[in-house]
Amino acid sequence: MQQSSLCFGQSLENIQLEDAELELFPQLLTSEQAHDLLQQLHKTVAWHTETIRIAGVERLVPRLTAWYGDKGANYSYSGVVHHPVAWSERLLALKKQIEVACHTQFNSALFNLYRDGKDSVAWHSDDEPELGARPIIASLSLGAPRSFQLKHKKHKHLRHKLTLSSGSLLVMRGDTQQCWLHQVPKEPAITEPRINITFRNIITNHNQ
Ligand SMILES: O=C(O)CCC(=O)C(=O)O
């Protein structure tokens, strides 16, 4: 079920799912703004290929990634500590726009480049300890529309699917990461790139 409203003049859909809080701004950026940003980020972001170890075998992650943030906003995932690249002026302005829409502040962002539909991200939740217990994750999509799937961790029959179009912002709050997994599956027919930026807040002293 979905309820629509307006937030700062932007259309906003509340997606009603058990044990989750999901909001979708279908067009936070216009298609021209999203296209222009994708072109710029494609060229200028410090993209790199990561590896993960699955059942003792090293594999390339099927997308390119980059980690940006404030100094000290280090993030550990896939067994590696990532130190952030400093924000550019344009990225800081984008972060501000997203903070206003979400009524919260972020100190970091994970960038994903899906070169085409063969790139993907497998089922996971953003539940690393440094994100805190009920993190707010704001996910901006630029470029090729891609399917975004959710499944409940305990109630296996609960599933949901969205298409994330260029310029959209999906905000996940509350128990979403604790109770749900999400993925962007491969869609081999897609030939165009997509960039996704997930803004996050790293708790820099979470071990203290
Ligand atoms: O590309 C997306 O929409 C999702 C990315 C994602 O799940 C992540 O960065 O953790």
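Refer to the structure above for everything that follows.
Residues numbered from 1 in each chain as written. Predicted model: local features only at pLDDT ≥ 70, side-chain atom pairs only at ≥ 80, totals over all residues. Heavy atoms only, no water.

### Section: the sheet that holds strand 15 (residues 194-200)
Reasoning step 1: Pairing is antiparallel in the open sheet, where nine strands are placed in the order 1-2-3-13-10-15-8-5-4. The open sheet has two edge strands, strand 1 (2-7) and strand 4 (48-54), and neither has a second partner. Here the strands of the sheet are splayed against their neighbours by 25° on average, with no regard to which way each runs.
Reasoning step 2: The pairing of strand 3 (residues 21-25) with strand 13 (residues 169-173) spans five bridges and is classified as antiparallel. Across the sheet, residue Leu-22 finds its bridge partner in strand 13, namely Met-172.
Reasoning step 3: Each of strand 5 (57-69), strand 8 (108-114), strand 10 (137-143) and strand 15 touches helix 1 (residues 31-44); the most contacted strand, strand 10, lies at about 95° to it.
Reasoning step 4: Each of strand 1, strand 3, strand 5, strand 8, strand 10, strand 13 and strand 15 touches helix 2 (residues 89-102); the most contacted strand, strand 13, lies at about 60° to it. (Pairing = 2+ DSSP bridges. Helix = DSSP H or I, 4+ residues; strand = E, 2+ residues; numbered from the N terminus. Axes fitted to C-alpha atoms, helices over the stretch in contact; angles between N-to-C directions. Contact = heavy atoms within 4.5 Å.)

### Quick word on the packing of aromatic side chains
Reasoning step 1: Taken as a whole and assessed by the stated rule, the structure comprises five aromatic pairs.
Reasoning step 2: Arranged with centres 6.4 Å apart and planes meeting at 10°, the rings of Trp-87 and Phe-199 form a pair that is stacked. Taken as a pair, Trp-87 in the loop between strand 7 (80-82) and helix 2 and Phe-199 in strand 15 lie far apart in primary sequence, 112 residues in all.
Reasoning step 3: Accessibility expressed as a relative area gives 14% for Trp-87, which makes it buried.
Reasoning step 4: Plain terms: the ring middles of Phe-106 and Phe-199 are 6.1 Å apart, the flat faces sit at 50° to each other, and that makes the pair tilted. Here Phe-106 is found in the loop between helix 2 and strand 8, whereas its partner Phe-199 is found in strand 15, with 93 residues between them in sequence. As far as the burial class goes, Phe-106 and Phe-199 line up, both buried.
Reasoning step 5: A network of ring pairs unites the aromatic residues Trp-47, Tyr-68 and Phe-111 as a single cluster. (Phe/Tyr/Trp six-rings, centres within 6.5 Å; stacked < 30°, edge-to-face > 60°. Buried < 20%, exposed > 50% of the residue type's maximum accessible area, 1.4 Å probe, protein only.)

### Examining the packing of helix 1 against helix 2
Reasoning step 1: Two elements in contact, helix 1 and helix 2, have axes whose closest approach is 12 Å; the angle formed by their N-to-C orientations is 135°. Of the possible angle classes, the one that applies to helix 1 and helix 2 is oblique. By crossing handedness, the relation of helix 1 to helix 2 is classed as left-handed. Note on element contacts: helix 2 touches helix 1 through Arg-90, Leu-91 and Leu-94, opposite Asp-36, Leu-37, Gln-40 and Leu-41.
Reasoning step 2: Class assignment of the residues belonging to the contact of helix 1 with helix 2 gives a composition of four nonpolar, one polar and two charged. (Parallel < 35°, antiparallel > 145°, perpendicular 65-115°, else oblique. Left-handed = near helix turned anticlockwise from the far one by under 90°. Nonpolar A, V, L, I, M, F, W, Y, C, P; charged D, E, K, R; others polar.)

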